[in-house]
Structure formats: C-alpha cells, structure tokens
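Remarks on the overall topology
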Amino acid sequence: MPDEKYTVENEAQLAEIIGEPMEFLQMKVLPSLDDTMRDYIAASPLVFVATLDADGRPDVSPKGDPAGFVQVDETGRLVIPERPGNRLTFGFRNILRDGRIGLIFCVPGERETLRIKGRATLHRDPQLLEALSVNGKPALMYTYVEVQECFFHCGKAMIRSRAWKPESWQPPERSLMARQFARAMEGDAAMEQSLAAEIEKNYDEELY
C-alpha cells in the first residue's frame with residue numbers, strides 16, 4: 001500500500017509537481033473540430049472510446065477499421081460505426097445510461113493524438129448503416145457524438161513508449177485470450193492451442 005503521507009490530495013499539490021500549463025497550450029482546447037482535426041480523423045484507423053457506467057466506473061474500448069472510418073458530418077458531429085465484436089456491450093450500455101464520452105484518435109506514425117470529449121447517442125439509420133459498409137457488410141449501428149471539447153495531445157507519450165518503432169516491439173503472441181481461458185479452465189497446452197485456433201477462425205470469418 002502507498003504511504004499516505006505521499007498522497008497527492010489537492011490541485012495546489014498537483015500544480016506544484018506538474019506546473020501550470022502555458023497560456024498558449026490552454027488556447028489549443030477548442031469547443032469544436034477545426035480543419036486540422038478533421039484531417040487527422042480522416043487519417044485515423046483507430047480510436048479509443050471511454051464511457052462511464054452507472055457507478056461512475058470508466059470503461060475504455062478500442063474501435064478500428066480502415067483509415068477514415070469515423071466520419072464527421074455537416075454539423076461537426078462524429079459518426080462511429082459498430083462492427084461484430086464480443087457482444088458484451090459495456091460501452092453501449094453506458095451510453096444509454098449516461099451519454100458522456102471521451103475519445104482518443106491515433107494515426108500510426110504520428111506522435112500527437114487527438115482527444116475529444118462530448119455527448120453520445122446510439123442510432124441505426126439504415127441508409128447511413130449502408131453507407132458505412134466495409135467488405136459489402138453494413139455497420140450494425142453507429143455512435144453519434146456531439147463534440148464539446150477537443151485538442152491535440154503532445155507526442156511525448158508516443159516518443160517515450162516507442163509505439164511506432166517496430167524494432168522495439170515484442171514478438172506477437174498467437175492469442176493471449178486463449179492462454180487466459182485455458183488457464184482459467186485449468187487446461188493444458190493442447191487446450192490453449194485449440195482455443196487459439198477458434199479465436200483465429202473467428203477473426204478470419206467474422207471480422208465484418
């Protein structure tokens with residue numbers, strides 16, 4: 001357990017440690033998307049979506065598709081298509097109950113990320129679902145996001161993590177989920193291999 005005497009308890013302590021942001025950096029926080037942000041979203045194949053459950057606990061889910069899969073409509077709102085997944089729907093249930101949402105867009109090779117806060121609703125307009133098709137398959141539904149605050153986050157996290165440096169990556173595991181499930185069921189290596197094959201089959205056949 002952390003020693004309580006070292007706990008940061010208030011904003012004054014936080015400012016003493018981190019420092020105050022420079023004025024020009026505070027100016028980068030906007031209430032709506034500008035053209036540079038729209039271009040970034042059009043280039044992004046991956047977004048992390050944060051929502052809050054009924055107890056205020058956060059949930060974060062990645063959404064990915066070909067670059068530009070998240071659309072910006074004529075009002076500046078975002079349209080995020082949904083594809084087949086694990087069907088747990090934690091984030092969607094949170095949106096139905098609360099509606100507050102946070103997003104981080106990433107573009108491979110770009111050091112800066114784009115952060116967005118807003119309000120979300122769920123929709124299934126058949127014409128738009130068809131327009132959001134990939135590989136001939138319409139989106140299942142879409143999340144509609146009214147942007148309330150947005151800004152580019154500096155690239156230091158990406159630089160420090162070397163996220164876009166392939167030479168720093170670990171060799172890929174076939175399936176960490178298969179390993180986890182096999183251990184939970186007290187299975188052996190053969191069970192893990194069988195589960196991994198099923199997961200891989202699902203990836204191949206039910207991606208869209």
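Please read all numbers here as calculations on a predicted model, not as lab measurements. (Residues numbered from 1 in each chain as written. Predicted model: local features only at pLDDT ≥ 70, side-chain atom pairs only at ≥ 80, totals over all residues. Heavy atoms only, no water.)

Comments concerning the overall build of the chain
Operational definition: A helix here means a DSSP run of H or I that spans at least four residues, while a strand means a run of E at least two residues long, and both kinds are numbered starting from the N terminus. Between two residues, a contact is recorded if the distance between any of their heavy atoms is within 4.5 Å. Each accessible area is a Shrake-Rupley estimate made with a 1.4 Å probe; only the visible protein chains count as cover when residues are assessed. Residues counted as positive are Lys and Arg, residues counted as negative are Asp and Glu, and His and the chain ends are not counted. Charge positions come from single atoms, namely NZ of Lys, CZ of Arg, CG of Asp or CD of Glu.
Helices and strands together make up the secondary structure of the chain, namely eight helices and seven strands. With the principal axes as the frame, the chain shows a C-alpha extent of 55 × 55 × 40 Å. Summarising the internal contacts of the chain: among those between residues at least 6 apart in sequence, 62% fall at separations of at least 24. As displayed, the chain has an accessible area near 14,700 Å², and 53% of this comes from carbon and sulfur atoms. Taking the average location of the 25 positive side-chain charges in the chain and that of its 34 negative ones, the two points are 1 Å from each other.

Here we look at unusual backbone geometry
With phi around 55 degrees, Thr89 is a residue other than glycine that occupies positive phi space. With respect to the secondary-structure elements, Thr89 resides in the loop between strand E4 (78-81) and helix H4 (90-97).

Focus: helix H1 (residues 11-18)
Since there are 3.6 residues in each turn of an α-helix, residues three or four apart along the chain are aligned in direction. The condition that has to hold: The classification of residues rests on relative accessible area computed with a 1.4 Å probe and restricted to protein chains. Under 20% of the type maximum is buried, over 50% is exposed, and intermediate values are partly exposed. We define a polar contact as two N or O atoms separated by no more than 3.5 Å, with the added condition that, inside protein, one atom must be a possible hydrogen donor and the other a possible acceptor, whereas residues neighbouring each other in sequence contribute only through side-chain atom pairs.
Burial analysis of H1 places just zero of its eight residues in the buried class, which makes it a mostly uncovered element. Of the residues that open H1, the one with a side-chain oxygen 3.2 Å from the backbone nitrogen of Ala12 is Asn10. Following H1 by one or two positions, Gly19 adopts a phi angle in the positive range, close to 95 degrees.

Structural notes on the environment of Ser61
Residue position: Ser61 is located in strand E2 (residues 58-64). As a C-alpha pair, Ser61 and Leu103 span 42 residues in sequence and 9.7 Å in three-dimensional space.

Comments concerning the state of the cysteines
Applied cut-off: Note on terminology: pairs of cysteine sulfur atoms within 2.5 Å are recorded as disulfides.
All told, the structure shown has zero disulfides when counted by the stated rule. We note that Cys106 lacks a disulfide partner, and the nearest cysteine sulfur, in Cys154, lies 13 Å from it. Of the residues examined, Cys154 reaches a relative accessible area of 38% and is grouped as partly exposed.

What to know about the packing of aromatic side chains
To keep things clear, this is the line we draw: Each aromatic pair joins two rings of Phe, Tyr and Trp (for Trp, the six-membered one) with centres within 6.5 Å, and gets the label stacked for planes under 30 degrees apart, edge-to-face for over 60, and tilted for any other angle.
Counting across every chain of the model gives one aromatic pair. With 5.5 Å between their ring centres and 70 degrees between their planes, Tyr40 and Phe152 make a pair best called edge-to-face. Linking Tyr40 in helix H3 (residues 35-43) with Phe152 in strand E7 (residues 142-153), this pair joins segments that are 112 residues apart in sequence. In this structure Tyr40 comes out as buried when scored by relative accessible area, which is 8%.

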